[in-house]
Amino acid sequence: MPSLKDLKNRIESVKSTRKITKAMQMVAAAKLRRAQDAAEAARPYTERFNAVMAGLASGAAGSPAAPKLLSGTGSDQTHLLVVMTAERGLCGGFNSNIAKLARQTAQKLLAEGKTVKILTVGKKGRDAIKRDYGNHFVGHVDLTEVKRVGYANAQDIAKDVLGRFDAGEFDIATIFYARFENVVTQHPTAQQIIPAQFEETEGGESTLYDYEPSEDAILADLLPRGVATQIFAALLENAASEQGARQSAMDNATRNAGEMIDKLTIEFNRSRQAVITNELIEIISGAEAL
Amino acid sequence: MAVQFDLVSPERRLASVEATEVKIPGADGDMTAMEGHAPTITTLRPGVLSVVHSGGTDDYVVIGGFAEITASGVSVLAERALPKAEVTQEMFNGMVKEAKEAYATAQETFKNEPGPVDDAAKLMADMVAVGGHIGLTAAD
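Reading the values: rules and limits
- Residues numbered from 1 in each chain as written.
- Chains lettered and ligands numbered in written order.
- Predicted model: local features only at pLDDT ≥ 70, side-chain atom pairs only at ≥ 80, totals over all residues.
- Helix = DSSP H or I, 4+ residues; strand = E, 2+ residues; numbered from the N terminus.
- Buried ≥ 20, exposed ≤ 12 C-beta atoms within 10 Å, placed from the backbone.
- Domains from an automatic or database assignment.
- Contact = placed C-beta atoms within 7 Å.
- Nonpolar A, V, L, I, M, F, W, Y, C, P; charged D, E, K, R; others polar.
- Core = buried A, V, L, I, M, F, W, Y, C linked by C-beta atoms within 7 Å.
- Pairing = 2+ DSSP bridges.
- pLDDT = per-residue confidence, 0-100.
- Axes fitted to C-alpha atoms, helices over the stretch in contact; angles between N-to-C directions.
- Expected span 1.5 Å × (residues − 1).
- Arc of directions from axis to C-beta.
- Right-handed = clockwise from strand over helix to strand, strands pointing away.

1. Concerning the overall build of chain A
Part 1 of the reasoning: Tallying secondary structure elements over chain A gives six helices and six strands in all.
Part 2 of the reasoning: Reading the secondary structure of chain A in the N-to-C direction produces α-α-β-α-β-α-β-α-β-β-β-α.
Part 3 of the reasoning: By its C-alpha atoms, chain A is 110 × 40 × 35 Å across when sized along the principal axes.
Part 4 of the reasoning: When each of the 290 residues of chain A is scored for burial, the buried share is 34%.

2. Quick notes on the domain arrangement of chain A
Residues and elements named next belong to chain A.
Part 1 of the reasoning: You can read the domains of chain A as domain 1 (4-21 + 250-289) and domain 2 (30-249).
Part 2 of the reasoning: At the junction of the two partners, domain 1 supplies four residues and domain 2 supplies four residues.
Part 3 of the reasoning: Residue composition of the side of domain 1 that touches domain 2, by class: two nonpolar, one polar and one charged.

3. Considering the nonpolar core
Soluble globular proteins: nonpolar side chains tend toward being buried together.
Residue and element names in this part refer to chain A.
Part 1 of the reasoning: Formed by 102 residues in total, the largest nonpolar core has its most connected members in Val82, Val83 and Ile231.
Part 2 of the reasoning: Broken down by element, the residue count for this core peaks at 17 residues, all from helix α6 (residues 215-289).
Part 3 of the reasoning: Every residue in contact with Ile231, bar those within four places of it in the chain, is listed here: Ala154, Ile157, Ala158 and Ile175.

4. Some points on the pairing of strand β4 (residues 40-43) of chain B
Part 1 of the reasoning: Bridge analysis of strand β6 (residues 210-212) of chain A against β4(B) gives three bridges, and the strand direction is parallel. The residue of β4(B) that forms the bridge with Tyr211(A) is Ile41(B).
Part 2 of the reasoning: Two strands pair when backbone bridges link them, and β4(B) and strand β6 (residues 56-69) of chain B are joined in this way by four bridges, in the antiparallel orientation. Paired with Ile41(B) across the strands is Glu68(B), a residue of β6(B).

5. A word on the confidence of the model for chain B
Residues and elements named next belong to chain B.
Part 1 of the reasoning: The pLDDT averaged across chain B works out to 85; a share of 96% of its residues lies at or above 70.
Part 2 of the reasoning: By mean pLDDT, the top-scoring element of chain B is strand β1 (residues 3-8) (92), and the lowest-scoring one is helix α2 (residues 114-134) (77).
Part 3 of the reasoning: Model confidence for the complex is summarised by a pTM of 0.87, with the ipTM given as 0.81.

6. Focus on the sheet that holds strand β1 (residues 78-84) of chain A
All names here are of chain A.
Part 1 of the reasoning: An order of β3-β2-β1-β4-β5 is seen for the five strands of this open sheet, with the pairing classed as mixed. Looking at the sheet topology across the chains shown, the edges are occupied by β3 (137-141) and β5 (186-194). Along the sheet, successive strands turn relative to each other by an average axial angle of 20 degrees, direction set aside.
Part 2 of the reasoning: By the bridge criterion, seven bridges tie β1 to strand β2 (residues 115-121) in an arrangement that is parallel. Across the sheet, the residue bridging to Leu81 is Ile118, located in β2.
Part 3 of the reasoning: Sheet contacts for helix α5 (residues 151-166): β1, β2, β3, β4 (172-180) and β5; angle to β3, the most-contacted strand, approximately 160 degrees.

7. Notes on the interface of chain B and chain A
Part 1 of the reasoning: On the side of chain A, 22 residues touch chain B, which itself brings 21 residues to the contact.
Part 2 of the reasoning: The set of elements that each furnish at least two residues to the side of chain B that touches chain A consists of β2 (13-26), β4, β6 and β7 (73-83) of chain B.
Part 3 of the reasoning: Among the elements that take part in the side of chain B that touches chain A, β4(B) stands out by supplying four residues, more than any other.

8. Focus: the environment of Val76(B)
Residue and element names in this part refer to chain B.
Part 1 of the reasoning: Take Val76: it is sitting in strand β7.
Part 2 of the reasoning: Counting along the chain gives 34 residues from Val76 to Phe110, while the straight-line C-alpha distance between them is 31 Å.
Part 3 of the reasoning: With sequence-adjacent residues up to four places away left out, Val76 is seen in contact with Leu7, Ile24, Leu49, Val62 and Ala67.

9. Quick word on helix α3 (residues 94-111) of chain A
All names here are of chain A.
Part 1 of the reasoning: Relative to the 26 Å expected for 18 residues at 1.5 Å per residue, α3 spans 26 Å between its end C-alpha atoms, a close match to the ideal helical length.
Part 2 of the reasoning: For α3, the full list of buried residues reads Phe94, Asn95, Ile98, Ala99, Ala102, Arg103 and Ala106. The buried residues of α3 occupy one face: seen down the axis, they fall within an arc of 150 degrees. Exposed positions of α3 whose direction lies more than 90 degrees from the buried face are Gln104, Lys108 and Ala111.
Part 3 of the reasoning: Gly113 lies just past α3 and shows a positive phi near 85 degrees.

10. Digging into the pairing of β2(A)
All names here are of chain A.
Part 1 of the reasoning: Buried residues dominate β2, accounting for five of its seven residues.
Part 2 of the reasoning: As a crossover connection, the stretch from β1 through α3 into β2 is right-handed.
Part 3 of the reasoning: The pairing of β2 with β3 spans four bridges and is parallel. Directly across from Leu119, in β3, lies its bridge partner Gly139.
Part 4 of the reasoning: As for the winding sense of the linkage, the β-α-β connection from β2 through helix α4 (residues 123-133) to β3 is right-handed.

Have a look at this one:
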């Protein structure tokens, strides 16, 4: 049985852990709100952009002159997996869920005899995949120094990916990130970005536009920007998911610490009482012996 | 007699107003969109976009992206957009420098293809011209 002093020390240490997790939870909650605002602010752009692109793409998809970013290279041999995770841990299953999905995909592709290349964004995902697929790594984007992800970060990643595509390093690119649903639920998601896929616009009643300079030129100009836009949207979703996951993980930790303190306090009181009872018995039996 | 004007960049919505006319720096030249304009999609060149509405005229510096014009609305999706007054000399220098670097890389990588080099040269010239419109000069 631990001594009273040991118990006291443990209670103190769990209390300070609870203080830390509580603080982290509150910080995550504040950051989550900011991340959600950022995701909200980016939505109009992404939506309009995708709507226009879908219209353009459906027109050009059939033609043999369609840009490679839309129609693909004609092969699906080499896959590039862009795994986007957080730079920091202590956020529940956030990083490991994304890494797990990426690992499963890589395993499936390799079983089919495809070549897999992996580009990681964020340190934690890299660490998680390194053991199994470290030899497939082709690059890493470090966002440790970035406080708030901006469009410029997405552009840099897109530039890297497009550069590799132009060099013929891969045929199909897929991004992995966690879609934010709410504080407790984030869905790890895989989304193909090259060749570009757009949801079919419903209704079919599309306006006939004049295109300036020309439909093809616009498409060629916008497709690379589309890659950046999708990466940016994924980065923002990721940022919100990370903070959401951290908030709920820290909330759980705080609650667990609280339970532990209660349990330890009961144990502490019981041992103290046992010590007192013991002393009393000793005194009484000593007095009776006289 | 008005069109719904929206200006959005990837990071935020800059403007959403009822405008009477919108002057857009299109890739093939400036165009002014008013109510009843034929539906058009045009890419943008770096330039100044002006919006005339009941409260006056607003100018924005836009770089990259496209504009979607319909009879009743104009939405501009710019990769980078800033109210004209917020553009500082420092930022402008940065933009010009970026364009110059892009031009230099294009010259190096596409030695025998005039297409991309010309595009980059035009981008750079457009960028420098923006300075003229907003009263800043490009540093060398």
